[in-house]
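Residues per chain, in single letters:
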Amino acid sequence: MIAIYILPIYVLANFYVCQWFMKWLDAVLNGHLNMVARVIIWIVYWVLSLGMYITAAVPEGPIRKFFHVEGTYWYGVVLYVLLIIGICDIIRLIMRKSKKTPKDEPVLTRGKYIAIGAFCIASILAVAIYGGIQARTIYNTSYEVNVDKSGNKIDNLNIVVVSDQHMGYSVGTAMMRDMVDKINAYHPDIVLMAGDIFDNNYDALEDPEELIKIYRSIESKYGVYAVYGNHDIDEEIIAGFTFPSEGKLTADTRMNEFLEKAGVKNLRDEYVLIDDSFYVYGRPDYQKEGHGIEGRKSPEEVTSELDKNLPIIVIDHQPRELKELSNAGVDLDISGHTHDGQIFPLNLTAKIMWENPCGLLKVGNMYSMVTSGVGFFGPGVRVGTEAEVVDLKVNFDK
């Protein structure tokens, strides 16, 4: 529903950007931009800028995929277009006021105006290219923690964590193959996936059978365990924003089948005791638990049946209830969801919204580890953040 609410603002923002570009191009052509060219530019611009909304109106297929990828990418870039040209226009207005230039006289000469516009366009292109590449480049991150419990048969555990793959139109086989290569390079004892494996629409997967084959190539001593996130459900979505739906939202049954075929154990408010040495508990998503679960268990209920003398690892898509989980005896809480804000300046606001927006944080006797994720949602860019595969080494001290 948010996607509908922001549509008027988004349209106004794009109107401002398109007008700015027309004015600059007219200056470059010394006033010779004819009406036919203006109409063509307007049509092309608005088709591209409204790509993410066009996606919702066309059937499944190559056209829908094109507008989804293009539209979400455009959506992310427009933020920086507004920032760059907005700053330039504000400076120009300040200059007009300070110099008391009449409204019918230009503040800048044509040459300077063209040069500043060219600088703005070059800056926008640089940010757009960088953001697009950065969103599709997966980095390696490593942490090491000490848990003051006995691991029974094991003294340490090498966990590899991934989250927020958002497989769909924008994230396909190439990125997943890169992710798995990075996972295997760490020689993990266990792999944990902290939700948002899919991007709502199973039909958007590039090649499900090939993706299953890629997932099955993960090499892990104790296997691969996962939880669902708020996007692992069958729900209409535009640029990362969802629409209200009647009834309880659930995963497309093909998502469940995908994970089963891929060798990924999906934990639904349940735990496994691994090698009689440590627990892994998977929680449903805080907002959209779905999948036949009527209200997820509280932190106290999560650990009530567990032997608290053994290490307890919880996978919870959203990094919430950290203090409560710590008080309940959890030793390690693994999360994603935040994307570390994904794009500047949202990475700054993420620090306000979340106790642990990204990275490692000790809460009481528990460690909260939040990954920025592998893929992306909504805007197809990353600026100021990194996609990552996390290697977490856990030493058991007792």
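Look up: the structure comes first, before these words.
To keep things clear, this report deals only with the structure shown in the data block. (Residues numbered from 1 in each chain as written. Predicted model: local features only at pLDDT ≥ 70, side-chain atom pairs only at ≥ 80, totals over all residues. Heavy atoms only, no water.)

Some points on the layout of surface pockets
What counts, and what does not: Lining residues are defined by having an atom within 4 Å of a point belonging to a cavity or pocket. Those points lie on a 1 Å grid over the protein atoms alone, cavities being sets where a 1.4 Å probe fits but cannot get out and pockets being open sets with protein on both sides within 12 Å along at least five of seven lines. Grid points are joined across faces, edges and corners, and a volume is the space filled by probe spheres set on the points. Think of it this way: any DSSP run of H or I at least four residues long counts as a helix, any run of E at least two long counts as a strand, and we number them from the N terminus. Classification convention: Asp, Glu, Lys, Arg as charged; Ala, Val, Leu, Ile, Met, Phe, Trp, Tyr, Cys, Pro as nonpolar; all other residues, Gly among them, as polar.
Approximately 440 Å³ is the volume attributed to the second largest pocket. Along the walls of the second largest pocket sit 17 residues, with V17, Y45, W74, V81 and I124 positioned nearest its centre. Elements supplying a minimum of two residues to the lining of the second largest pocket: α2 (7-28), α3 (35-49), α5 (62-99) and α6 (110-135). Here the lining of the second largest pocket gets six residues from one element, more than from any other, and that element is α5. Across the lining of the second largest pocket, the residue classes break down as 17 nonpolar, no polar and no charged.

Points about unusual backbone geometry
Here is the rule we go by: Throughout, exposure labels follow a simple rule: accessible area from a 1.4 Å probe, protein chains only, divided by the maximum for the residue type, with under 20% read as buried, over 50% as exposed, and the rest as partly exposed.
Residue P345 is reached from F344 by a cis peptide bond, and omega for that bond is 5°. Structurally, P345 can be placed in the loop between β11 (332-335) and α12 (346-353). A positive phi angle, near 55°, is found at D196, a position not held by glycine. Tracing the sequence through the fold places D196 in the loop between β3 (190-194) and α8 (208-216). On the basis of relative accessibility, which here comes to 1%, the residue D196 falls in the buried class.

Some words on the side chain of Q318
Heads up, the condition is: We define a polar contact as two N or O atoms separated by no more than 3.5 Å, with the added condition that, inside protein, one atom must be a possible hydrogen donor and the other a possible acceptor, whereas residues neighbouring each other in sequence contribute only through side-chain atom pairs. What makes two residues a contact is simply this: any of their non-hydrogen atoms within 4.5 Å.
Of note, Q318 is situated in the loop between β10 (312-315) and α11 (322-327). For Q318, a relative accessible area of 0% corresponds to the buried category. A polar atom in the side chain of Q318 sits 2.7 Å from the side chain of R320. If we ignore the near neighbours within four places in the chain, the residues touching Q318 are D285, Y286, Q287, S335, H337 and W354.

Some remarks on the packing of α8 against helix α9 (residues 253-262)
Axis angle and axis distance: for two packed helices, these are the angle between their axes and the distance between the axes, and together they describe the pair. What counts, and what does not: Lines fitted to C-alpha atoms define the axes, with helix axes restricted to the stretch in contact, and inter-axis angles between N-to-C directions lie between 0 and 180 degrees. Angles below 35 degrees are treated as roughly parallel, those above 145 as roughly antiparallel, those between 65 and 115 as roughly perpendicular, and all remaining angles as oblique. Left-handed describes a crossing whose near helix is turned anticlockwise from the far helix by less than a right angle; the clockwise case is right-handed.
Put simply, α8 and α9 touch, their axes get as near as 8 Å, and they point 40° apart. With respect to α9, the axis of α8 lies oblique. Taken as a pair, α8 and α9 cross one another with a handedness that is right-handed. Listed contacts from α9 to P208, E209, L211, I212, Y215 and R216 of α8 are F258, E260, K261 and A262. For the contact of α8 with α9, the class distribution of residues is six nonpolar, no polar and four charged.

Some details on the packing of aromatic side chains
In this description, an aromatic ring pair is defined by two values, namely the gap between the centres and the angle between the planes. Where we set the bar: Ring pairs shown here join Phe, Tyr and Trp side chains whose ring centres sit within 6.5 Å, with only the six-membered ring taken for Trp; geometry is labelled stacked below 30 degrees between planes, edge-to-face above 60, and tilted in between.
Here the structure, examined in full by the defined rule, presents 14 aromatic pairs. Ring centres 5.8 Å apart and planes at 75° place the aromatic pair Y222 and F278 in the edge-to-face group. Taken as a pair, Y222 in the loop between α8 and β4 (224-227) and F278 in strand β9 (residues 278-282) lie far apart in primary sequence, 56 residues in all. A relative accessible area of 0% means that F278 is categorised as buried. Here the aromatic residues F15, W42, Y45, W46 and W74 are joined through ring pairs into a cluster of three or more.

Some details on α6
Defined as follows: Every helix has an expected span of 1.5 Å times one less than the residues it contains.
The end-to-end C-alpha distance of α6, which contains 26 residues, comes to 37 Å, matching closely the 38 Å that a straight helix rising 1.5 Å per residue would cover. Residues Y113, I114, G117, C120, S123, I124, A128, G131, G132, Q134 and A135 constitute the buried set of α6.

Focus: the sheet that holds β3
The criterion, for reference: Being paired, for any two strands, means DSSP has found at least two bridges between them.
The six strands lie next to each other as β1-β14-β2-β3-β4-β7, forming an open sheet whose pairing is mixed. Sheet topology places β1 (138-147) and β7 (264-266) at the edges, where each strand pairs with a single neighbour. Neighbour-to-neighbour, the strand axes of the sheet open up by a mean angle of 25°, direction not taken into account. By the bridge criterion, six bridges tie strand β2 (residues 156-162) to strand β14 (residues 387-396) in an arrangement that is antiparallel. In the strand pairing of β14, L157 is matched with V394.

Quick word on the pattern of salt bridges
What counts is decided by this rule: Any carboxyl oxygen of Asp or Glu that lies within 4 Å of a side-chain nitrogen of Lys or Arg is treated as forming a salt bridge with it.
Scanning the model with the defined rule gives 15 salt bridges in all. Note that D203 is salt-bridged to R254, the shortest N-O span being 2.9 Å. You can see D203 sitting in the loop between β3 and α8 and its partner R254 sitting in helix α9, a full 51 residues away along the chain. Note on D203: relative accessible area 43%, which makes it partly exposed. Classification of R254 as partly exposed rests on a relative accessible area of 31%. A salt bridge links D391 to K393; its shortest N-O distance comes to 2.6 Å.

What about the pairing of β2?
Burial of β2 is extensive: six of the seven residues sit out of reach of the surface. With four bridges connecting them, β2 and β3 associate as parallel partners. If you follow V160 over to β3, its bridge partner there is V191.

Examining α9
We apply this condition: Each direction from the helix axis to a C-beta atom contributes to the arc, which is the arc of those directions.
M255, F258, L259 and A262 are the residues of α9 that are buried. Mapping the buried residues of α9 onto a view down its axis gives an arc of 90°, with all of them on the same face. In α9, those exposed residues whose orientation departs by more than 90 degrees from the buried face are T253 and E260. In the core, the buried residues of α9 are packed alongside α8 and β7.

Section: the sheet that holds strand β13 (residues 366-370)
Pairing between the strands of a sheet comes from backbone hydrogen bonds, and it takes one of two forms, parallel or antiparallel. Spatial strand order, β8-β9-β10-β11-β13-β12: six strands in an open sheet with mixed pairing. Of all the strands in the sheet, just β8 (270-274) and β12 (359-363) have a single pairing partner and so form its edges. Pairwise comparison of adjacent strand axes, ignoring direction, gives a mean angle of 20° for this sheet. One ladder, built from three bridges, connects β10 with β11; its direction is parallel.

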